[in-house]
Amino acid sequence: MRQPEVTRLLALLVAALLAVPVARTAFDVLVAIAFLVEFLSAGQYRPLSALTAAPRREPLPVAGATVDRWVAATGGTPLVLVHGYAPAGKDDPRVQKAAALLARAGFDVAVPTIPGLTRGRLRPADVQPVVATLAARAAPTVVGAVSVGAGPALLAAADPSVRDRIRRVLSLGGYASAPALLRFFLTGEYAWNDVRGRVVHEPEVVRLFLEANADLLDIPAREALADPARAADVLAAPPRAVADLLDALSPERVVGEIPARLVLVHGVSDRAVPYTESLRLAAARPERTRVVLVHLLDHVEAGRPRAWVSALRELGALVLVVYGLGAV
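The structure contained in this document is the topic of the report that follows. Each chain carries its own residue numbering, running from 1 in the written order of its sequence. It should be noted that, the model being predicted, local features are given only for residues of pLDDT at least 70 and side-chain atom pairs only at 80 or more, the latter also being counted only at that level, while totals for whole chains, interfaces and linings use all residues. Neither water nor hydrogens contribute to the side-chain values; these are computed over all heavy atoms in the structure.

### What about the environment of Gly 89?
Stage number 1. A run of H or I in DSSP counts as a helix once it spans at least four residues, and a run of E counts as a strand once it spans at least two, with each numbered from the N terminus. Looking at the secondary structure, you find Gly 89 in the loop between strand 3 (77-82) and helix 4 (93-104).
Stage number 2. We call a residue buried when its accessible area falls under 20% of the maximum for its residue type, exposed when it is over 50%, and partly exposed in between, using a 1.4 Å probe and counting protein chains only. Residue Gly 89 is classed as buried on the basis of its relative accessible area of 0%.
Stage number 3. Linking Gly 89 and Thr 113, residues 24 residues apart in sequence, is a C-alpha distance of 4.7 Å.
Stage number 4. Should any heavy atoms of two residues lie within 4.5 Å, those residues are considered in contact. Setting aside residues no more than four positions away along its own chain, Gly 89 makes contact with His 83, Val 95, Thr 113 and Thr 118.

Structure below.
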């Protein structure tokens, strides 16, 4: 290993040690590492399951929402997990695995079903289940949001009725601007400042998205948006109802009203939601906000780092993220 690489690794280890409060134990760091190994390997390796007992799952009574609670026998830090697109909502196997893993890592996890995200469409009403779940939790609470679930999660975190109950918000592969996200879904184009790129989406993905939101568009508009060459023109001046809806669903509009710390984790190679959305969100509220860009993740699944040194550095950053969620 070259000397500069050794120096960078030592600097990372020193920073990690300084970031760990003396009152916390080495076991907490071990749990964070085990969580990431199990999560990034999609359960192929299960060190956290070997170290901890299986959590229990039970219904959590919340007015106006359908919620499950996942908790270990020893309890844990209250956390509200907001899923992304999941046809079965809280009962989706991927959501259940994530909730159980977080419970094993020391969190008392509440998972509300977000109705719009079971059908591939978001509406302002999808914020309410998150607000209701936060109101039913002990404070202070952590919010963890996955993919487009970051929309209702961040909008709820800015709601005056619950925002002071939240300690931290973690967004994994989330978005800031609904218009920018819609443009990406339909054209594959993304941009923020001098960062620009394009992803080629499967036509079937676009078709399903348009069908899920057919109530907002007439047939000519749907036909135009289905054609990437014409979609940009339509999106430049969308119908007023669509423009108002997109504004209402954009977290960047209200992120400055969130008092909690924000941690924005995003895969640089994310093809579902571009990492520029986390950069956009951080620019809207730079104070008390941390952005962690990694190659170890694609969207919400493991990616391929460029080199093992980079992988170690990124793993160290992610360990600190997981560890820090439970910090006072």
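### Side note on the sheet that holds strand 5 (residues 141-146)
Stage number 1. Sheet architecture is open: eight strands sit in the order 1-2-4-3-5-6-9-10, paired in mixed fashion. The sheet is open, and its two edges are formed by strand 1 (56-59) and strand 10 (289-294), each paired on a single side. Sheet twist, expressed as the average angle between the axes of neighbouring strands with direction ignored, equals 20°.
Stage number 2. In short, DSSP must find at least two bridges between two strands for them to pair. In this structure, strand 3 lies alongside strand 4 (residues 107-112), joined through four bridges in parallel fashion. Looking across to strand 4, one finds that Leu 79 is bridged to Val 109. Angles here are taken between N-to-C directions and fall from 0 to 180 degrees, while the axes themselves are lines fitted to C-alpha atoms, restricted in helices to the stretch in contact.

### Some details on helix 4
Stage number 1. Over its 12 residues, helix 4 extends 16 Å from the first C-alpha to the last, a length consistent with the 16 Å expected when each residue adds 1.5 Å.
Stage number 2. Summarising the contacts, the buried residues of helix 4 are in contact with helix 2 (26-40), helix 3 (47-51), strand 2 (67-71), strand 3 and strand 4.
Stage number 3. In this structure Asp 92 caps helix 4, since a side-chain oxygen of it lies 2.9 Å from the backbone nitrogen of Arg 94. Expected span of a helix: the number of residues minus one, times 1.5 Å. In protein, a polar contact means a hydrogen-donor-capable atom and an acceptor-capable atom, both N or O and within 3.5 Å, with residues adjacent in sequence counting only if both atoms are side-chain atoms; elsewhere, any N or O pair within 3.5 Å suffices.

### Focus: the pairing of strand 7 (residues 189-192)
Stage number 1. Pairing between strand 7 and strand 8 (residues 195-198): four bridges, direction antiparallel. Within strand 8, the residue paired with Ala 191 across the bridge is Arg 196.

### Here's the deal with the packing of aromatic side chains
Stage number 1. Classification of ring pairs uses Phe, Tyr and Trp, with its six-membered ring standing for Trp, and accepts pairs whose centres are within 6.5 Å; under 30 degrees between planes counts as stacked, over 60 as edge-to-face, and the remaining range as tilted. Tallied over the full model, the rule gives three aromatic pairs.
Stage number 2. For the ring pair Phe 184 and Phe 185, a centre distance of 6.4 Å and an interplane angle of 45° mean the geometry is tilted.
Stage number 3. For Phe 184, a relative accessible area of 0% corresponds to the buried category.
Stage number 4. Relative to Tyr 190, the ring of Phe 184 has its centre 6.1 Å away and its plane inclined at 70°; by these criteria the two rings are edge-to-face.
Stage number 5. Its relative accessible area of 21% is what places Tyr 190 among the partly exposed residues.
Stage number 6. One aromatic cluster is present, built from ring pairs that chain together Phe 184, Phe 185 and Tyr 190.

### Considering a nonpolar patch on the surface
Stage number 1. On the surface, a nonpolar cluster with roughly 260 Å² of combined accessible area is contributed by Phe 27, Leu 30 and Leu 51.
Stage number 2. Here Phe 27 is to be found in helix 2. What makes a patch is a set of residues exposed beyond 30% relative accessible area and free of salt bridges, joined within 9 Å when like-charged and within 5 Å when nonpolar (Val, Leu, Ile, Met, Phe, Trp, Tyr). Here the accessible surface of atoms and residues is derived via Shrake-Rupley with a 1.4 Å probe, and residues count as covered only by protein chains that are part of the display. Any Lys or Arg side-chain nitrogen located within 4 Å of an Asp or Glu carboxyl oxygen qualifies as a salt bridge.

### Here's the deal with helix 5 (residues 128-136)
Stage number 1. Taken as a whole, helix 5 has its buried residues at Pro 129, Val 130, Val 131, Ala 132, Thr 133 and Leu 134.
Stage number 2. Elements in contact with the buried residues of helix 5: strand 2, strand 3, strand 4, strand 5, helix 6 (150-157) and strand 6 (166-172).

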